[in-house]
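Coordinates in review
Each chain, written out:
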Amino acid sequence: LQQPNLHPQLLYALCSALIEFDVQAQAELLAQQSQANGQAMKSLVEPALARWQSPALSGEWLRRLDDPATDRLSMLHAIEGLAALSETNATAPLQRIIFDAYSPPNVRMSAARAAGKIHASELEPEAKKLAEQADSEPLAGLMAVAMLRQHDSDAAIQVLRSLVGHESTSVQSGALGRLFAIDPNLVIPHAEAAIASSDVNVRRLGARAMITLPQVDRIASLSSLLDDVNPDLRKEVASALVHLAKQDDLRDEVIKQASAVLGRNAWRGCEQATVVLVNLDHKPAGDRLVDLMTHERFEVMVTSAWGLRRLAIPEHLPAMLEQAKSILVGFRNGRWTASMFGPEMQITQLFMAFGQM
């Protein structure tokens, strides 16, 4: 790499190899190559120097922040590098970029994240200015949240609370996420509204606050998310309810609310409520599971049969046998095929149940 007049592709390959081998001792040599061989080399080397927290280009990165001729990509590299170094000398130029309406949005956002990484305090006044901007665009709110990523003062909490009511759900989720990290109790006043949000990230934070700080009167709201359109969230809530039911004061309410969801015909809710009640070995759910074996959604067909197998109630065997016969007839007359996972997996669960029982 130190030889003169090497082909650009060879230079790039050599630098790439040193980075892949994690040769941090050659950070200075790599820094020299990045500055002498164009944007592609900068994009290769500078993220590695940032990852290594090498100060080899700290002076150059600081210079770029104050140079209006710096291109966008070089500015982003500089901001991310200085953030990795927690370079406090970058604070003033970063704040200038944050409040510069003519800077590209991604550069301003990167500057806000960098400032928030460098400082664990003292940025509350700047964050408040951003939060108070009258427009409904999310950028100002997102930057305010980013700047407060390590702050936990009363002033920071007030700013974050003001952003929970922002028009943008991305700002709401960012503010709620930071409040949750500081103290889940701070999210509880917003939890009911949060789980009714159109944004799954907001709903998830409301749910996690209720899960972390469970009370009997919160189980009904939490159980409503068993029917959430997002599969990860409804599965997370189902798992949490099973865990919460281990507490004697919550078990009856979890069973009551999950049973209510199971009694409705919404397929997502039926599927997850089955998971909850079967894992709690709630035998009275068996009668409803018999009805759900003929549900139009394959997910419910399979889960109901799985639940009946797990509950293992002899009184249900005749209905289970009739359903197995019905599925067999469906295969024979062409209504079902082996490519349809619902009937195939349901009859599999039923056969396993017969063998086990």
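Described below are features of the structure shown in this document. Keep in mind the model is a prediction, meaning the values are calculated, not measured.

Digging into the packing of helix H15 (residues 231-244) against helix H17 (residues 267-279)
Axis separation between H15 and H17 bottoms out at 9 Å; the angle between their running directions is 25°. As far as their axial angle goes, H17 and H15 are roughly parallel. As H15 runs across H17, the sense of the crossing is right-handed. Here H15 contributes Arg234, Lys235, Ala238, Leu241 and Val242 to the contact with H17, which in turn contributes Trp267, Arg268, Glu271, Gln272, Val275, Val276 and Asn279. Residue composition of the contact of H15 with H17, by class: six nonpolar, two polar and four charged.

Quick notes on the side chain of Ser197
Within the secondary structure, Ser197 is located in the loop between helix H12 (188-194) and helix H13 (200-212). A polar atom in the side chain of Ser197 sits 3.0 Å from the backbone nitrogen of Asp199. Once residues lying within four places of it in the same chain are set aside, the contact partners of Ser197 are Thr169, Val202 and Arg203.

Structural notes on the pattern of salt bridges
Under the counting rule described, the total for this entry stands at eleven salt bridges. Two residues, Arg64 and Glu46, come together in a salt bridge whose shortest N-O distance is 2.6 Å. Taken as a pair, Arg64 in helix H4 (residues 58-65) and Glu46 in helix H3 (residues 38-51) lie far apart in primary sequence, 18 residues in all. Relative accessible area serves as the criterion here: at 1%, Glu46 is assigned to the buried category. The partner of Arg63 in a salt bridge is Asp67, with the nearest N and O atoms 3.0 Å apart. Here Arg63 falls in the partly exposed class, since its relative accessible area comes to 42%. By relative accessible area, Asp67 is classed as partly exposed at 23%. Salt bridges sharing common partners tie together Glu46, Glu60, Arg63, Arg64 and Asp67.

Some details on H3
The terminal C-alpha atoms of H3, which comprises 14 residues, lie 20 Å apart, in line with the 20 Å expected from a rise of 1.5 Å per residue. Those residues of H3 that fall on the buried side of the exposure criterion are Met41, Lys42, Leu44, Val45, Glu46, Ala48, Leu49 and Ala50. Contact partners of the buried residues in H3: helix H1 (8-20), helix H2 (27-36), H4 and helix H5 (72-84). A positive phi of about 55° marks Gln53, the residue just after H3.

Observations concerning unusual backbone geometry
Peptide bonds are mostly trans, and most non-glycine residues show a negative phi. With phi around 60°, Asp22 is a residue other than glycine that occupies positive phi space. Relative to the assigned elements, Asp22 resides in the loop between H1 and H2.

Observations regarding the packing of aromatic side chains
As enumerated under the stated definition, the model contains three aromatic pairs in all. Where Phe298 meets Phe341, the ring centres are 6.0 Å apart and the plane angle is 80°; that geometry is what we call edge-to-face. Remark: Phe341 occurs in helix H21 (residues 341-356) and Phe298 occurs in helix H19 (residues 298-311); sequence separation between them is 43 residues. Take Phe298: its relative accessible area is 24%, and that puts it in the partly exposed class. Where Phe351 meets Phe354, the ring centres are 6.5 Å apart and the plane angle is 45°; that geometry is what we call tilted. Of this pair, Phe351 and Phe354 both sit in helix H21, three residues apart, roughly one helical turn. Pairwise contacts between aromatic rings join Phe298, Trp336 and Phe341 into one cluster. Against the face of Trp267 rests Arg297, its NZ or CZ located 4.0 Å from the ring centre.

Description of H15
Here H15 contains 14 residues, and its C-alpha end-to-end distance of 20 Å stays within 8% of the 20 Å for a straight helix at 1.5 Å per residue. For H15, the complete set of buried residues consists of Leu233, Arg234, Val237, Ala238, Ala240, Leu241, Val242 and Leu244. Capping of H15 at its N-terminal end is provided by Asn230; its side-chain oxygen lies 3.1 Å from the backbone amide nitrogen of Asp232.

Thresholds, definitions, all that
Residues numbered from 1 in each chain as written. Predicted model: local features only at pLDDT ≥ 70, side-chain atom pairs only at ≥ 80, totals over all residues. Heavy atoms only, no water. Axes fitted to C-alpha atoms, helices over the stretch in contact; angles between N-to-C directions. Helix = DSSP H or I, 4+ residues; strand = E, 2+ residues; numbered from the N terminus. Parallel < 35°, antiparallel > 145°, perpendicular 65-115°, else oblique. Left-handed = near helix turned anticlockwise from the far one by under 90°. Contact = heavy atoms within 4.5 Å. Nonpolar A, V, L, I, M, F, W, Y, C, P; charged D, E, K, R; others polar. Polar contact = N/O pair within 3.5 Å; in protein donor to acceptor, adjacent residues only side chain to side chain. Salt bridge = Lys/Arg side-chain N within 4 Å of Asp/Glu carboxyl O. Buried < 20%, exposed > 50% of the residue type's maximum accessible area, 1.4 Å probe, protein only. Expected span 1.5 Å × (residues − 1). Phe/Tyr/Trp six-rings, centres within 6.5 Å; stacked < 30°, edge-to-face > 60°. Lys NZ or Arg CZ within 6 Å of the ring centre and 35° of its normal.

Honestly, it's all geometry; don't read function into it.
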